[in-house]
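In case you want the letters, here they are:
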Amino acid sequence: LPDEPGSRDIVFTGSFEDVNEHFYEQGWSDGLPIVPPTLEKIEEFLRFTDRGPDEVLGIVLPESRAVTVWSIAVNGVMAGCRPEYMPILVALGEPMAAPDYGVEHSGNTPGAETLIILNGPIIKELKFNYEQGALRDGFRPNTSVGRFWRLALRNIAGFRLHKTDKGTFGNTFRVVLAENEDALARIGWPSNAEDMGFATGDNTVTITRMTGGDVMPSVTGATPEALMPYLADGVAKETGWEISFTVGGLTFGTLRPALVLSPILAETIAKAGWSKKEVRQYLFDHARTTARRVETMMNTWTEFKIGSLKHQVMMGRLPRAFAESDDPDRLVPIVTHPDEFMVLVSGDPLRTNAYAFAHNGYLGFPVAKKIVLPAGWAERIGGGA
């Protein structure tokens, strides 16, 4: 905008308290104290990327601003990130501008919030938490990178409460969910990076917007046949109005629910010979709801009109699994294909708990990017973990 300062202009000088008060008044902070983004601190972050500070990664709505490497560094400083997190922050800037993700929906009324999933050796190199408390704030890498995303949505994209962010209730930012790749390697399951089209072992970030979630504590049993019914029920019950992204109320087949398994649950399932693909197939077959509920949800409760599921199947818009009979109480899937379930492994290694996320469909579709490390990475971070 013509009346805005340049990226390197000094916009304010003063004490830590004065800077924070000014940034809050300008709408540049999230209400918590920020680290003042001095030119010196920004330059420290830029030393951890080989990309130019003025490089544009994309243009984002609602304010049609450029996502630049410089602006990413500024918000990384403010969020309390360390400079060595910069390759992750830059990698997050690219999917923020990706059409498939749809950042422009970040301020819609359901108030869904982004989940960032991290994969690769960088988890250990930068000491991200991937064990007990994996979704809790308290570890600087997970927490500050999650906060960076919320600040970037505010300061780069332009989402501000009572203005462009119209979340009726909203959610606060989520910490980064790092997968336990040691557990995945032990059981021979692919990581989320591989599920998203990269190689297991690649450093990647995945962003996906979730409307909410819930825990399934005390999952009991020694076999998949004993464990999976509870898990499938937990996944199914998280999906309410979100079924509109599957059955045509809003789109067809864009719902991507996520199941997070603690390592001991994943290992118990894998020891019985089950692959991640078989877990997804079980969820497709058993994480279901009644046709009556889906049609009522769409046609009456939310007025996302679809008529009948049978009609959508006959039109070729849904698979036959949605119209296997005329019984209104028949069970139907919540996604159109088993691969649409995301299955992740993280959390306390010895607790038999799982977590299910409800997804925001095409209003935050999963997008993954590879993290590009600068030359001499190992030397820059002191040889790694």
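The rules behind the values
Residues numbered from 1 in each chain as written. Predicted model: local features only at pLDDT ≥ 70, side-chain atom pairs only at ≥ 80, totals over all residues. Heavy atoms only, no water. Helix = DSSP H or I, 4+ residues; strand = E, 2+ residues; numbered from the N terminus. Rg over C-alpha atoms; globule rule 2.2 N^0.38 Å. Buried < 20%, exposed > 50% of the residue type's maximum accessible area, 1.4 Å probe, protein only. Contact = heavy atoms within 4.5 Å. Areas by Shrake-Rupley, 256 points an atom, 1.4 Å probe, with all protein chains shown as cover. Lys, Arg positive; Asp, Glu negative; His and termini not counted. Charge placed at Lys NZ, Arg CZ, Asp CG, Glu CD. Core = buried A, V, L, I, M, F, W, Y, C linked by side-chain atoms within 4.5 Å. Expected span 1.5 Å × (residues − 1).

1. A look at the overall build of the protein
Next up, step 1: What the protein contains, in helices and strands, is 15 helices and 11 strands.
Next up, step 2: Scaling as 2.2 N^0.38, a compact globule of 385 residues should have a C-alpha radius of gyration of about 21 Å, and the protein matches this with 22 Å.
Next up, step 3: Seen through its principal axes, the protein has C-alpha atoms that stretch 70 × 45 × 30 Å.
Next up, step 4: Residues counted as buried form 55% of the 385 residues belonging to the protein.
Next up, step 5: Within the protein, contacts between residues separated by at least 24 positions form 79% of all contacts whose residues are at least 6 apart in sequence.
Next up, step 6: Of the roughly 16800 Å² of accessible surface on the protein, 52% is carried by carbon and sulfur atoms.
Next up, step 7: For the protein, the distance from the average site of its 37 positive side-chain charges to the average site of its 48 negative ones is 2 Å.

2. Quick word on the environment of Leu126
Next up, step 1: For Leu126, the location among the structural elements is in the loop between helix 5 (122-125) and helix 6 (140-157).
Next up, step 2: The spacing of Leu126 and Glu303 is 177 residues in sequence and 47 Å in space, taken between C-alpha atoms.
Next up, step 3: Apart from residues lying up to four places away in sequence, Leu126 is in contact with Glu84, Tyr85, Ile88, Pro141, Trp377 and Ile381.

3. Remarks on the nonpolar core
Next up, step 1: Residues Met86, Ile88, Leu92, Leu118, Phe128 and Val145 are the most contacted members of the largest nonpolar core, which totals 54 residues.
Next up, step 2: Residues within four places of Met86 in sequence aside, it is in contact with Phe45, Leu46, Phe48, Thr49, Val69, Ile72 and Ala73.
Next up, step 3: One finds Val219, Met228, Val247 and Trp274 within the second-largest nonpolar core, a separate group that totals 47 residues.

4. Re helix 9 (residues 224-238)
Next up, step 1: Relative to the 21 Å expected for 15 residues at 1.5 Å per residue, helix 9 spans 21 Å between its end C-alpha atoms, a close match to the ideal helical length.
Next up, step 2: Residues Pro224, Leu227, Met228, Leu231, Ala232, Gly234, Val235, Ala236 and Glu238 constitute the buried set of helix 9.

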